[in-house]
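The lines below spell out each chain.
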Amino acid sequence: MSNALLVSFGVVVVVTAVLGTVAWQRPGRRHVQGFKLALLQLEAMGPRVLLGILAASFIAELLPKDFVAELAGADSGWQGILLATLIGASVPTGPMVLFPVAVALLEVGVGVPQIVAFVTSWGLLAIHRLIVWEIPLMGVNFVAVRLVASILFPPLSGFAAGWLMLTLGMMS
């Protein structure tokens with residue numbers, strides 16, 4: 001496990017222990033209710049997380065690295081960032097699949113700026129979320145205004161990531 005993963009895991013363990021201790025000290029057996037809720041969430045989300053990691057691992061093994069690097073590698077520039085933005089908006093999944101896929105894409109040579117655009121696009125522009133949630137609940141006018149106001153953020157975040165990496169000497 002990398003240092004970043006160890007630190008992240010340690011923070012989660014400490015926060016969980018503190019919250020569990022507080023729940024245990026409260027009346028009404030709240031800690032027991034917390035464990036029951038956690039088991040229900042694990043039952044619902046555990047298989048999804050496992051399948052997301054498995055699917056991402058298959059993606060990393062099946063994608064032709066040279067082709068991917070040419071389309072969206074660190075040297076693909078603005079075209080790779082725009083492609084990553086379009087793909088990110090089109091991926092109909094939740095975070096349990098998206099982030100393992102993003103890691104797999106990094107492993108096959110997709111550039112960090114392109115991954116930043118991909119993830120940001122998924123978060124802001126996801127087409128499946130527009131169709132299923134936003135348009136029915138918020139209406140077309142709201143969604144149109146939100147899209148126009150936010151459509152440039154994914155590619156701009158990719159460009160900003162590239163600039164930061166160049167500035168910090170993380171990329172040549």
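This write-up is about the structure you can find in this document. Computed from a prediction, not measured in an experiment: that's the story for all the values here.

Parameters and conventions
Residue numbers here run from 1 along each chain, matching the order of that chain's written sequence. This being a predicted model, a pLDDT of at least 70 is required before a residue's local features are given, and a value of 80 or more before pairs of side-chain atoms are given or counted; all residues contribute to the totals for chains, interfaces and linings. Water and hydrogen atoms play no part in the side-chain values, which are based on all heavy atoms of the structure. Starting at the N terminus, helices and strands are each numbered in turn, a helix being any DSSP run of H or I of at least four residues and a strand any DSSP run of E of at least two. Pairing of aromatic rings covers Phe, Tyr and Trp, the last through its six-membered ring, and needs centres within 6.5 Å; plane angles under 30 degrees mean stacked, over 60 mean edge-to-face, and all others mean tilted. Polar contact is defined as a pair of N or O atoms within 3.5 Å, subject to the rule that within protein one atom must be able to donate a hydrogen and the other to accept it, and that residues adjacent in sequence are counted only when both atoms are side-chain atoms. For this analysis, residues touch if any pair of their heavy atoms sits within 4.5 Å.

With that settled, consider unusual backbone geometry. One non-glycine residue, Arg29, lies in positive phi territory at about 55°. Tracing the backbone through its elements, the reader meets Arg29 in the loop between α1 (3-25) and α2 (30-62).

Moving on to the packing of aromatic side chains. For the structure shown, the criterion picks out one aromatic pair. Ring geometry for Phe99 against Trp122: centres 5.9 Å apart, planes inclined by 80°, an arrangement best described as edge-to-face. On the criterion of sequence distance, the pair formed by Phe99 in helix α5 (residues 95-107) and Trp122 in helix α6 (residues 112-125) is long-range, its members being 23 residues apart.

In this section: the side chain of Glu134. Mapped onto the fold, Glu134 is located in helix α7 (residues 127-138). A distance of 2.7 Å separates the side chain of Glu134 from the side chain of Arg146, its partner in a polar contact. Excluding anything up to four places from it in sequence, Glu134 contacts Arg129, Gly139, Phe142, Val143 and Arg146.

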